[in-house]
Amino acid sequence: MFAAERRQLILEMVRANGAVSLRELARVVQTSEVTVRRDVRALEAEGLLDRRHGGAVLPGGFARESGFPQKSHLATAEKTAIADLAAGFVEEGEAIVVGAGTTTQELARRLARVPGLTVVTNSLLVAQALAHANRVEVVMTGGTLRGSNYALVGSGAEQSLQGLRVSRAFLSGSGLTAERGLSTSNMLSASVDRALVQAAAEVVVLADHTKLGTDTMFQTVPTDVITRLVTDEPPGHDDRAATELQALADQGVQISVAGGPGAGAGAGQPASEVVAADRRGPRRDVPLPGQRRNPAPGGGGSGPQLRTAAPLAEPPGGRVADLAPRRR
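Given the structure is predicted, the values throughout are model-derived calculations rather than measurements. (Residues numbered from 1 in each chain as written. Predicted model: local features only at pLDDT ≥ 70, side-chain atom pairs only at ≥ 80, totals over all residues. Heavy atoms only, no water.)

### A few points about the sheet that holds strand β11 (residues 181-184)
An order of β10-β11-β13 is seen for the three strands of this open sheet, with the pairing classed as antiparallel. The open sheet has two free edges, formed respectively by β10 (175-177) and β13 (218-221), since each of these has just one partner strand. The mean inter-strand angle of the sheet, taken between neighbouring strand axes irrespective of direction, is 40 degrees. Relative to β13, β11 runs antiparallel, the two sharing three bridges. Across the sheet, the residue bridging to L182 is V221, located in β13. Its contacts with the sheet place helix α9 (residues 187-198) against β11 and β13, and it is angled at close to 20 degrees to β13. (Pairing = 2+ DSSP bridges. Helix = DSSP H or I, 4+ residues; strand = E, 2+ residues; numbered from the N terminus. Axes fitted to C-alpha atoms, helices over the stretch in contact; angles between N-to-C directions. Contact = heavy atoms within 4.5 Å.)

Structural data, given as structure tokens:
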């Protein structure tokens, strides 16, 4: 394929989807990411698109949000790997919240196999993925349907979350930086995501490498509130993603990388140790009213106890990135 043909196809893909990763562009035009990056630079110089970390967007893409049909075809392999790893953090009998998004929808499909789970969500797609799951209870928020991502938003959604307390929140977004944390392009979605975070003892962000270093309009989760980031292995040449991951680790975020060393390990193999220190200090075990009650050990007369949030141990199929906070 000649350069002019490649660039025309790249431009058509970006116009159709709003945003496309370099990895996906390289796959479609059947060339290397280095060549695609050169093509994207040329198209940006002509004002036909904007470069973003790990991909390309339409001009003015900072304020533009792609709809679900477009997002569902972006970084599909990466989202699948992230969802596989993130599902390993969920334990039987937990109560969690899961936000809207294509990555969280992939997570929900895997959560259908976790018995005794209670999932609170504002996403119709997450609810649909769990609708026929055995022994999984789905609780939906109220609100107004936002058709572009099949999510319930607005004051009704936010009010329905008041007084809720669960162990963990699993969220995705449009961008993630160490400076601002997780962000999205829509004000209503950002507001509901903030309400979801308020209901959880721990926050797990699901973001593929193309979102690292990308900043969008509305902040949803500040960096110091994020407990863990589950992401995929960035390409070796992607220095910006590596820099952003280190900056996140410096601020105490635990980094779990899907598809890294240890992926596909058999059952019973030890998981990697957490080496990205949590600079916010030790986490307390706190009662979680959103979780199911368990009998007290030994069947004593102390009555039923609420399960507490267990520390997130690394499941098989990924690794904790070897990022320790840098000395200052």
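### Structural notes on the pairing of strand β4 (residues 95-98)
Because side chains alternate across β4, one face comprises the buried residues A95 and V97, and the other comprises I96 and V98, equally buried. In terms of strand pairing, β4 meets strand β5 (residues 117-121) through four bridges, oriented parallel. If you follow V98 over to β5, its bridge partner there is T121. Each parallel crossover has a hand, and the one from β4 via helix α6 (residues 102-111) to β5 is right-handed. Of the strand pairs in this sheet, β4 and strand β9 (residues 166-171) are connected by three bridges, and their pairing is parallel. Bridge pairing in β9 links V98 to F170. (Buried < 20%, exposed > 50% of the residue type's maximum accessible area, 1.4 Å probe, protein only. Right-handed = clockwise from strand over helix to strand, strands pointing away.)

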